[in-house]
Amino acid sequence: MTRNDAEEFTAFVHATAPRLHRAALLLTGDHHLTDDLTQATYARVYASWRRVSRADDPLAYARRTLLNTYLSHRRLRRNSELPADPTRIPEHPGDDVDHATRLDLLDALAMLSPHDRAVLVLRYWEDRSVADTAHDLGITEGAVRTRSTRALQRLRPLLGADLTERTP
Amino acid sequence: MTDHDRALAAALRERVRDEDPDLDQLIQVSTRTGARLRRRRTVGISVAGIAAGVAVIGIVGASLGGGGTTGTEPGFASQPTSAATPSGTPPDVLPTLANMDRSRADELSDIHVRVAPTLRGWQIGPVEDGFPASKGDYHLSVVVRPMDNYDSWTGGDPDRPANQVVHVGETYFVTVQPGPGVPQAVRDELVAALRYDSR
């Protein structure tokens, strides 16, 4: 890699890392895993930088690498994370929510399946279309809609109040 | 988009608004790890190229030498084509993650071992198929090894003691090698925090 390549890569990281880092945090819900995921993503981007830098949209490549890395490790996370407690989020949108026990948004996302989480992050944080989300995740548009609807159904009870409030 | 959906989009943005990576560390770690990945990939391609070259030489030799076969036999015609492909594919035209099939993309991003986030007071290097782990002045290394090497770690080699093997998967095994003076309790603390792929 030439010095120019290294400078280009550094500039790319500066321009894109905050965005990918935040997406990684929404996906993993854990700062240590976020750091690991972001570093692994940029390491792979760096390993192919000459090709990636000539692509039409290097950020799209990096985003896809992040998703692939995240989803390919979901079984490991299952081993190391506590199982989701379905009693903490009402199954039905109309259920009342006790705001005193309201969950932090990251905790709530962590109760979704990794694929559902990825769909929500792409659709509502990255603002990707259904078609783009389907392409990024390698699933059908119907599956994106189904997963999105199901995930929102579980999260909506929390949307009646300030979701950004963090648990102590 | 409904009001709920807009609220979710706003909530996601607000929740991570103040979260920023350490860019200097990120660049340092990713370039170091990325350079290693690239070297490994290049070595893999070179090995494949040598294997393909040997196959081609074998085919040509068999064709020239006769041996009861000819170069037009179907069995020979198909072999060099598939085997030679990697050598004719320089790194810059390798398939992108967007183009390659899913299993291949997953294979490239395999990491078999992770460290539980509950482990406190340790410095853990970038987690891939080998990484350093330190606690104070104690230094250890965790290494994921291919199953092909397993026999050499259980065959009495003093440089490859079997008691360093801490996990055996289907296709890989993991060793934890302590540096000088590392107490057993420190090693055990790290080993207890390792999580493994089911493969």
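Just so we're clear, the structure is a prediction, and the values are computed from it rather than from any experiment.

*Asks:* Can you tell me about the overall build of chain A, naming the residues and giving the values?
*Replies:* Within chain A one finds nine helices and zero strands. The secondary structure elements of chain A, listed N-terminal to C-terminal, are α-α-α-α-α-α-α-α-α. Split into buried and exposed, the 168 residues of chain A put 54% on the buried side. Sequence-distant contacts in chain A: of pairs separated by 6 or more residues, those separated by 24 or more amount to 69%.

*Asks:* Now, about the packing of helix α1 (residues 3-28) of chain A against helix α4 (residues 58-72) of chain A: what can you tell me, with residues and values included?
*Replies:* Residues and elements named next belong to chain A. α4 packs onto α1 with a crossing angle of 30° between their chain directions and a minimal axis gap of 11 Å. Compared by their axis directions, α1 and α4 come out roughly parallel. Read as a crossing pair, α1 and α4 show a hand that is right-handed. Residues F12, T16, R19, L20, A23, A24, L27 and T28 of α1 pack against P58, L59, A62, R63, L66, L67 and Y70 of α4. Its residues assigned to classes, the contact of α1 with α4 shows 11 nonpolar, two polar and two charged.

*Asks:* Go over the pattern of salt bridges with me, naming the residues and quoting the values.
*Replies:* Enumeration over the complete set of coordinates arrives at 13 salt bridges over all chains. In this structure, E126 of chain A engages R19 of chain A in a salt bridge whose closest nitrogen and oxygen atoms are separated by 2.8 Å. Of the two residues, E126 of chain A is situated in the loop between α7 (114-125) and α8 (130-137) and R19 of chain A in helix α1; the sequence distance between them amounts to 107 residues. Residue E126 of chain A is classed as buried on the basis of its relative accessible area of 7%. Between D20 of chain B and R22 of chain A there is a salt bridge, with its nearest N and O atoms 2.6 Å apart. With D20 of chain B in the loop between α1 (3-16) and α2 (23-65) and R22 of chain A in helix α1, the pair connects residues from two separate chains. The buried category is assigned to R22 of chain A, whose relative accessible area is 19%. Within this structure, R19, R63 and E126 of chain A form a network of salt bridges that share partners.

*Asks:* Explain the packing of aromatic side chains to me, and be specific about the residues and the numbers.
*Replies:* Residues and elements named next belong to chain A. Scanning all chains against the criterion turns up six aromatic pairs over all chains. Taken together, a centroid distance of 6.2 Å and an interplanar angle of 70° make the contact between F12 and Y42 edge-to-face. Taken together, the residues span a long stretch of sequence, with F12 in helix α1 and Y42 in helix α2 (residues 31-47) at a distance of 30 residues. For Y42, a relative accessible area of 0% translates into the label buried. Cluster of aromatic residues (ring-pair linked, three or more members): F9, F12, Y42, Y46 and W49. Above the plane of the ring of Y124 lies R123, whose end atom (NZ or CZ) is 5.6 Å from the centre.

Conventions and cut-offs
- Residues numbered from 1 in each chain as written.
- Chains lettered and ligands numbered in written order.
- Predicted model: local features only at pLDDT ≥ 70, side-chain atom pairs only at ≥ 80, totals over all residues.
- Heavy atoms only, no water.
- Helix = DSSP H or I, 4+ residues; strand = E, 2+ residues; numbered from the N terminus.
- Buried < 20%, exposed > 50% of the residue type's maximum accessible area, 1.4 Å probe, protein only.
- Contact = heavy atoms within 4.5 Å.
- Axes fitted to C-alpha atoms, helices over the stretch in contact; angles between N-to-C directions.
- Parallel < 35°, antiparallel > 145°, perpendicular 65-115°, else oblique.
- Left-handed = near helix turned anticlockwise from the far one by under 90°.
- Nonpolar A, V, L, I, M, F, W, Y, C, P; charged D, E, K, R; others polar.
- Salt bridge = Lys/Arg side-chain N within 4 Å of Asp/Glu carboxyl O.
- Phe/Tyr/Trp six-rings, centres within 6.5 Å; stacked < 30°, edge-to-face > 60°.
- Lys NZ or Arg CZ within 6 Å of the ring centre and 35° of its normal.

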